[in-house]
Each structure stands twice: as C-alpha cells, then as structure tokens.
Amino acid sequence: MVRLPLWANLAMTLLVALPAQAQEDAAFRCTFKAVFETIESDSPGKSSHEKQFVGHRMDVLITGQSTATVIADVFTLTRQPADYIVSQRGTAKNDWVLSRTDQAAASTTITLMHIRTGEPVRFTFAWGSTLAVGTCEKLS
C-alpha cells in the first residue's frame, strides 16, 4: 500500500470539494429554436410555450468568475439580468454549465443551461419539466 504525503491528500480534497471556476471570459447571444415538455411521459413533446419562446434571444455573459449574468432568460423576457452559477466542465474550450434556483412561495424551480462551445455553438435550457434547445453565436 502506497502512502501519500499529507499535502497530496489535502490537495485532492480541495480539488474535489471546490466547484469548478470559469477560466476565461465568454459572451454568447443565444436564440431559442424549439421547446419540449416531458411532464406527461418519458418522450418529450412540443410545448404549449413554444410560440412564446421560439425566436427569443438571450444574452449570456461569463466574466471569469463563478457567476454569470443571463439577460432575457425565460423568466425575464423583459431583458432584465438574472444571476446564474457557473460550472465549467473540462478546459475553457469545453462546455459551460450554468444553473439557477428560483424559490417561490409554493415551489422551487432549478434551471440548468448547457452551452456546447464547438461549432456550431448550441445550448439546452431546462426548467421544471420543460426543455428548450437553440443555437448561440459567440460574441467578442
């Protein structure tokens, strides 16, 4: 059995315990292309909200910190900013994952956004039983 030095155990503990942080700034302008519901079955079907969101644009601003500002997400169609927590998988050239928790008097909604940065840039936006998909353009 190999024993690791105390500093190695501490380093591994910190790497596992601390959330990933974004390594570089990024900005995206995203457009919703389709909206699906999964509430009635395991197979997603077109959402009754689709007309409200398809074509809707949303701006995502990531500033190298552990938070991002999303302007005009599905909850703030009036272009108000909303704060999201950033979790980056892999390196700065890989996917971004953003999340937000909204608490109302009767329920809690967790929103999850996933932006794939390869070309073309695509995103998924999930809240409750609803899933939206679309494309993004990277802004400089």
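Residues numbered from 1 in each chain as written. Predicted model: local features only at pLDDT ≥ 70, side-chain atom pairs only at ≥ 80, totals over all residues. Heavy atoms only, no water.

Undergrad: I keep staring at the packing of aromatic side chains and nothing clicks. Help me out?
TA: In this description, an aromatic ring pair is defined by two values, namely the gap between the centres and the angle between the planes. Per the stated rule, a full pass over the model turns up five aromatic pairs. Consider the rings of Phe-32 and Phe-53, whose centres lie 6.1 Å apart with planes at 45°: the pair is tilted. Taken as a pair, Phe-32 in strand 1 (residues 25-37) and Phe-53 in helix 2 (residues 50-53) lie far apart in primary sequence, 21 residues in all. Its relative accessible area of 1% is what places Phe-32 among the buried residues. Their ring planes at 65° and their centres at 5.4 Å tell us that Phe-125 and Trp-127 sit as a pair that is edge-to-face. Note on Trp-127: relative accessible area 11%, which makes it buried. An aromatic cluster of at least three residues, connected via ring pairs, comprises Phe-32, Phe-53, Phe-123, Phe-125 and Trp-127. (Phe/Tyr/Trp six-rings, centres within 6.5 Å; stacked < 30°, edge-to-face > 60°. Helix = DSSP H or I, 4+ residues; strand = E, 2+ residues; numbered from the N terminus. Buried < 20%, exposed > 50% of the residue type's maximum accessible area, 1.4 Å probe, protein only.)

These figures come from the coordinates and say nothing about function on their own.
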